[in-house]
Amino acid sequence: MYPKLTINLQYYKDNLRYMINLLKREHLKIAPVTKVFRADPKLMEIINQFDVDVIADSRISNLKIMETNKKKMLLRVPMLSEVEDVIKYADVSLNSEIDVIEALNKEAKRQKKRHEIIVMYDIGDLREGIYYKADDEAFIERIKTLKSIKILGIGTNLTCFGGVIPTQKTYIKLKEIKDRVERILGYPLEVISGGNSSSLPLVMDQKLPKYINQLRIGEALVCGRETAYGHDIIGMHQDVFTLTAEIIELKMKPSKPEGKIGVDAFGHRVRFTDRGMIKRAILAIGKQDIALDQLIPPAGVVILGSSSDHLIVELERDDFKVGDQIQFGLTYGGILSVMTSPYVEKNYVPTNMG
Ligand SMILES: Cc1ncc(COP(=O)(O)O)c(C=O)c1O
């Protein structure tokens, strides 16, 4: 059945091993992020084989189905309405709101647990976290009094909203926060969770400040690339996930529509240049499954556009016919979409061990 998502388990395993070793050389621990593949059990089995302390996901529903003996970390700051499940299914959560932390404390006490938190600081990217210039003393002092909450560490997230690239200069802010929080708490923090796949260029250049001891890594493991500049990481696989779709029509047609031009099926005004007759194929996949800019076509295949159920490509090659399949690479966003589409069949290439 097509469209088909192929997940190469060996490639994921290779990438995970590569990343763990890369981080280990810089005295860093990895928190592999599983949200992009919805904590898929076969990929979870691979993570479970490695020396990893904590597995991270942004959704409680994924943490709930995760089979593992490792610690589970909730990546997205919790909703007040999900506090009961956070305590039930996560060992650690990232937090920035005192009302939520107090609710977590109350619920942890009720469930007879001690919940660990990483306090998030915003050092310029402007997504979650206490703004680094804000006065956080009362906040930390208040958490200190909560018996069922332990501050495990502090964290920050970059290159997600504001596109801020981690640099040694930016990380000076996090160091100042670390020193201040440790002074207020009176004990050293166990975890300094310094970022995500966008911190990898600094790691590879051996320039990540030494006080950072954890990175939460998602995209690099599935796409084999860092996210500060979008460069492939040599030695990693970029094609852990690929998507195959079938050609349902293949015809020579003009490159420019004929008649009075309005908008396309999604209300967008479309423009075309006349390049004469071209070889066009329609594939049975559409916007309902994936946005077209999340697909990476093979050489000789040019994406022209898509509607809900049709992807239109120009073929610069002669070796395709109706019924053939075309295999595409996927961006991180593309993997997210197809993993959540019920219309895309998932299949696995096993590890070399079977
Ligand atoms: C808080 C947080 N940390 C880490 C990650 C992982 O980021 P990346 O996939 O760029 O490694 C994400 C996103 O999934 C996140 O929301």
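Since the model is a prediction, treat every value here as computed from it, not as a measurement.

Q: Is there a simple way to think about the overall build of the protein chain in this case?
A: Looking only at helices and strands, the protein chain has 10 helices and 17 strands in total. A principal-axis box enclosing the C-alpha atoms of the protein chain has dimensions of 75 × 50 × 40 Å. Sequence-distant contacts in the protein chain: of pairs separated by 6 or more residues, those separated by 24 or more amount to 64%.

Q: Please clarify how the domain arrangement of the protein chain should be interpreted in this entry.
A: Reports often express the size of an interface as the amount of accessible area lost when the parts come together. Per the domain assignment, the segments of the protein chain are domain 1 (9-223) and domain 2 (241-349). Tallying the contact residues gives nine residues for domain 1 and seven residues for domain 2. Considering every element that reaches the side of domain 1 that touches domain 2, the biggest residue donor is helix H9 (residues 219-223), with three residues.

Q: I would appreciate a short explanation of the packing of helix H1 (residues 9-25) against helix H2 (residues 41-48) in the present structure.
A: In helix packing, the relevant descriptors are the interaxial angle and the interaxial distance, both defined with respect to the helix axes. For the pair H1 and H2, interaxial distance at closest approach is 10 Å and the crossing angle is 35°. Crossing handedness for the pair H1 and H2: right-handed. Contacts between H1 and H2 involve Leu9, Tyr12, Lys13 and Leu16 on the former and, on the latter, Lys42, Leu43, Ile46 and Ile47.

Q: Just checking my understanding: could you explain the site of the ligand for this structure?
A: Near the ligand lie 14 residues; those nearest to it are Asn196, Ser197, Arg216, Gly218 and Glu219. Secondary structure elements with two or more residues in the shell around the ligand: strand S10 (214-217) and H9. Its residues assigned to classes, the shell around the ligand shows five nonpolar, six polar and three charged.

Q: Sorry, what's going on with the environment of Val52 here?
A: Within the element layout of this structure, Val52 appears in the loop between H2 and strand S3 (54-57). A tally of 17 C-beta atoms within 10 Å means that Val52 is categorised as partly exposed. Between the C-alpha atoms of Val52 and Ala31, which are 21 residues apart in sequence, the distance is 7.1 Å. When residues no more than four places from it in sequence are discounted, the contact partners of Val52 are Ile30, Pro32, Ile47 and Lys70.

About the criteria used
- Residues numbered from 1 in each chain as written.
- Predicted model: local features only at pLDDT ≥ 70, side-chain atom pairs only at ≥ 80, totals over all residues.
- Helix = DSSP H or I, 4+ residues; strand = E, 2+ residues; numbered from the N terminus.
- Contact = placed C-beta atoms within 7 Å.
- Domains from an automatic or database assignment.
- Axes fitted to C-alpha atoms, helices over the stretch in contact; angles between N-to-C directions.
- Left-handed = near helix turned anticlockwise from the far one by under 90°.
- Near = placed C-beta within 6 Å.
- Nonpolar A, V, L, I, M, F, W, Y, C, P; charged D, E, K, R; others polar.
- Buried ≥ 20, exposed ≤ 12 C-beta atoms within 10 Å, placed from the backbone.

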